Amino acid sequence: IQKQLAIEIPTREEMAEIEYSSRFYETQSILYMTISLVSGVTTAKPATTDVTFVLTRKLLSSIRYEELTAFQSFDSTYMRQPGLYQTTDMILTSLVDAVVDRVADVLEKTQEQLDALSQEIFSEDNDGSSSYLKIRVKQLGKHNSLLAKLSNSLLSMDRMLIYSRQGAREWMTTQTQQLMKSIMSDIASLSEYQAKMSTEITFLLDAIMGLINAEQNGIIKVFSIAAVLFLPPTLV
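Bear in mind that the values here come from a model prediction, so they are computed numbers and not experimental data.

### Quick notes on the overall build of the chain
Here's step 1: Counting secondary structure elements, the chain contains 8 helices and 4 strands.
Here's step 2: In terms of overall size, the chain is more extended than a compact globule, its C-alpha atoms giving a radius of gyration of 25 Å where 236 residues would be expected to give roughly 18 Å.
Here's step 3: Overall size of the chain, expressed as C-alpha extent along the three principal axes, is 95 × 35 × 25 Å.
Here's step 4: Burial analysis of the chain (236 residues in total) assigns 38% to the buried set.
Here's step 5: Taking the contacts inside the chain whose residues are at least 6 apart along the sequence as the reference set, 65% of them involve residues at least 24 apart.
Here's step 6: Total accessible area on the chain is roughly 14,200 Å²; 54% of this is exposed by carbon and sulfur atoms.
Here's step 7: If the 21 positive side-chain charges of the chain are averaged to one point and the 28 negative ones to another, these points end up 3 Å apart.

### Brief notes about the side chain of Gln111
Here's step 1: Secondary-structure assignment places Gln111 in helix α5 (residues 88–121).
Here's step 2: Exposure remark for Gln111: the relative accessible area of 8% places this residue in the buried category.
Here's step 3: A polar atom in the side chain of Gln111 sits 3.2 Å from the side chain of Glu200.
Here's step 4: In contact with Gln111, not counting residues within four places along its chain, are Tyr193, Lys196, Met197 and Glu200.

### Describing a negative patch on the surface
Here's step 1: Taken together, the side chains of Asp101, Asp105, Glu108, Glu112, Asp115 and Asp186 define an acidic patch exposed on the protein surface.
Here's step 2: Examined against the element boundaries, Asp101 turns out to sit in helix α5.
Here's step 3: The class for Asp101 is partly exposed, based on a relative accessible area of 41%.

### So, the nonpolar core
Here's step 1: One finds Met33, Leu37, Phe53, Val96, Met157 and Met160 to be the most contacted residues of the largest nonpolar core, which totals 51 residues.
Here's step 2: Listing elements by their share of this core, those giving two or more residues are β2 (30–39), β3 (47–55), α4 (69–80), α5, α6 (130–167) and α7 (174–229).
Here's step 3: For this core, the element with the most residues is α5, which contributes 14 residues.
Here's step 4: Those residues in contact with Val96 that sit more than four places away from it in its chain are Met157, Met160, Leu161 and Ile183.
Here's step 5: One finds Met15, Tyr32, Val54 and Leu59 within the second-largest nonpolar core, a separate group that totals 7 residues.

### As for the pattern of salt bridges
Here's step 1: In the structure shown here, the tally under the stated rule is 2 salt bridges.
Here's step 2: Residue Asp50 pairs with Arg23 through a salt bridge whose shortest N-O separation is 3.2 Å. Residue Asp50 is located in strand β3, and its partner Arg23 is located in helix α3 (residues 20–23); the two are separated by 27 residues in the primary sequence.
Here's step 3: Arg136 is the partner of Glu120 in a salt bridge, and the nearest nitrogen-oxygen pair spans 2.7 Å. Pair noted here: Glu120 is in helix α5 and Arg136 is in helix α6, with a separation of 16 residues, a long-range link.
Here's step 4: By relative accessible area, which is 34% here, Glu120 ends up partly exposed.
Here's step 5: A relative accessible area of 11% places Arg136 in the buried class.

### Here we look at unusual backbone geometry
Here's step 1: Residues other than glycine seldom take positive phi values, yet Ala6 does so here, at roughly 60 degrees.
Here's step 2: Overall, the relative accessible area of 61% leaves Ala6 in the exposed class.
Here's step 3: You will see that Ser29, though not glycine, has its phi angle at about 65 degrees, which is positive.
Here's step 4: As for its position among the elements, Ser29 is in the loop between β1 (24–27) and β2.
Here's step 5: Using a relative accessible area of 57% as the deciding quantity, one classes Ser29 as exposed.

### Observations concerning the pairing of β3
Here's step 1: Burial analysis of β3 places 7 of its 9 residues in the buried class, the great majority of the element.
Here's step 2: Looking at chain direction, β2 and β3 are connected through 9 bridges and run antiparallel. Bridge pairing links Ser39 to Ala47 in β3.
Here's step 3: In this structure, β3 lies alongside strand β4 (residues 60–63), joined through 4 bridges in antiparallel fashion. For Thr52, the partnering residue across the bridge sits in β4 and is Ile63.
Here's step 4: The loop that links β3 with its antiparallel partner β4 comprises 4 residues.

About the cut-offs
- Residues numbered from 1 in each chain as written.
- Predicted model: local features only at pLDDT ≥ 70, side-chain atom pairs only at ≥ 80, totals over all residues.
- Heavy atoms only, no water.
- Helix = DSSP H or I, 4+ residues; strand = E, 2+ residues; numbered from the N terminus.
- Rg over C-alpha atoms; globule rule 2.2 N^0.38 Å.
- Buried < 20%, exposed > 50% of the residue type's maximum accessible area, 1.4 Å probe, protein only.
- Contact = heavy atoms within 4.5 Å.
- Areas by Shrake-Rupley, 256 points an atom, 1.4 Å probe, with all protein chains shown as cover.
- Lys, Arg positive; Asp, Glu negative; His and termini not counted.
- Charge placed at Lys NZ, Arg CZ, Asp CG, Glu CD.
- Polar contact = N/O pair within 3.5 Å; in protein donor to acceptor, adjacent residues only side chain to side chain.
- Patch = residues over 30% accessible without salt bridge, like charges linked within 9 Å, V, L, I, M, F, W, Y side chains within 5 Å.
- Salt bridge = Lys/Arg side-chain N within 4 Å of Asp/Glu carboxyl O.
- Core = buried A, V, L, I, M, F, W, Y, C linked by side-chain atoms within 4.5 Å.
- Pairing = 2+ DSSP bridges.

Given below as structure tokens:
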């Protein structure tokens with residue numbers, strides 16, 4: 001592939017570098033941009049995977065090691081209307097738009113789960129047992145881990161859009177630039193939405209810990225009363 005396309009393809013180890021200069025750089029008018037995306041959202045263990053885009057005026061390549069839902073959905077969209085994607089910068093920006101839409105869908109579903117969990121925790125029918133509350137703590141921990149991964153993904157996409165807009169400014173179309181501005185606005189709003197959800201998770205965790213402490217205090221109170229009742233016979 002490197003010989004056929006006359007480009008250098010970074011290795012998986014190079015893609016995992018976290019320095020900005022290692023993830024975004026230009027060589028002979030070829031832009032190399034690596035972002036972090038979330039895979040396996042529908043599974044029990046979502047993970048972060050790195051995706052590298054190689055962009056030139058006539059070429060767009062992606063290097064990835066996971067199947068991503070956003071890529072598959074964009075593939076279907078492209079096949080329906082290929083005339084809308086005539087330039088590499090438009091294809092890249094539209095693909096990022098599909099990824100952002102996917103992140104928005106995941107955030108909406110996570111918010112629905114948090115709302116249901118909140119109603120369940122504060123329900124009058126909730127017995128407040130420690131075993132029940134511990135399970136809910138684990139669920140909130142998984143949601144918080146997913147939100148952290150999504151936040152990192154949004155940040156990396158925002159950085160890539162800024163870098164590509166600067167690196168390809170000489171040949172980037174006006175339509176692509178307008179779409180980029182729209183996507184960056186969406187990313188900013190989703191980042192704020194994600195921050196609000198993180199605050200909600202913190203509140204729910206504090207509430208659960210308060211309920212657990214209340215239950216433990218009730219148990220200690222019972223033992224204290226029993227100790228006082230049995231003190232005289234023990235003394236005799």
